[in-house]
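Structural overview for review
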Amino acid sequence: TDVRPGGADAPSADLDRTADAEIEQAKRYGRAAKADRTIAEYARDWRAFERYCRACGLSALPADPPTVARYAATLAGVRAIATIRRRMVAISQAHQERGFEPPTAHKVVREVLAGIARTHGSAQQEEERAYLRSVARGVAHDRRGNPQG
């Protein structure tokens, strides 16, 4: 093997520099995948789950599916379904980032979330229903069902 400067190993060094640059570019794209606000919300959501687990004497990391299902149930009717789902994403990502299987993928958690969504729906769905009711009555209303004019 030719190891002199400019010898056979020189292209390998160029490839290493190119690979390093490509890796850094990929990392930048990965960091850009989520807005700063989203990252901050996930961090707050994770801390809220950690507080809940501490208060109940449960493990947050790794959390078992019944713990996550129980946590989701405590949020039902208090938080919007979108907030509950975002908290589940935060829990899932915290587990994945640390090499654990996300408990949120378990059937028991999925079923509890489906039940919460079916029972409580979402404010957006309620606004849509109110709007459709106002249209059916022939009254001019905004999208939230409030009378206009």
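Parameters at a glance
Residues numbered from 1 in each chain as written. Predicted model: local features only at pLDDT ≥ 70, side-chain atom pairs only at ≥ 80, totals over all residues. Heavy atoms only, no water. Disulfide = S-S within 2.5 Å. Buried < 20%, exposed > 50% of the residue type's maximum accessible area, 1.4 Å probe, protein only. Helix = DSSP H or I, 4+ residues; strand = E, 2+ residues; numbered from the N terminus. 1 Å grid on protein atoms, 1.4 Å probe; cavity = no way out; pocket = protein on both sides within 12 Å on 5 of 7 lines; lining within 4 Å. Points joined across faces, edges and corners; volume = space filled by probe spheres on them. Nonpolar A, V, L, I, M, F, W, Y, C, P; charged D, E, K, R; others polar. Contact = heavy atoms within 4.5 Å.

1. A closer look at the state of the cysteines
In protein chemistry, a disulfide is the covalent bond that joins the sulfur atoms of two cysteines. For the coordinates displayed, the defined rule picks out 0 disulfides. With no disulfide partner, C53 has as its closest neighbouring cysteine sulfur the one in C56, 7.1 Å distant. A relative accessible area of 30% means that C56 is categorised as partly exposed.

2. Description of the environment of T38
Secondary-structure assignment places T38 in helix α2 (residues 36-56). Since its relative accessible area comes to 24%, T38 is described here as partly exposed.

3. Regarding the layout of surface pockets
Volume-wise, the largest pocket comes out at about 180 Å³. When contributions to the lining of the largest pocket are tallied by element, the ones reaching two or more residues are α2 and α4 (81-97). Residues of the lining of the largest pocket, tallied by class, amount to 6 nonpolar, 1 polar and 3 charged.

4. Focus: the side chain of T104
Along the polypeptide, T104 turns up in the loop between α4 and α5 (107-120). Other than its neighbours up to four places away in sequence, T104 contacts V68, M88, I91, S92, V109 and R110.

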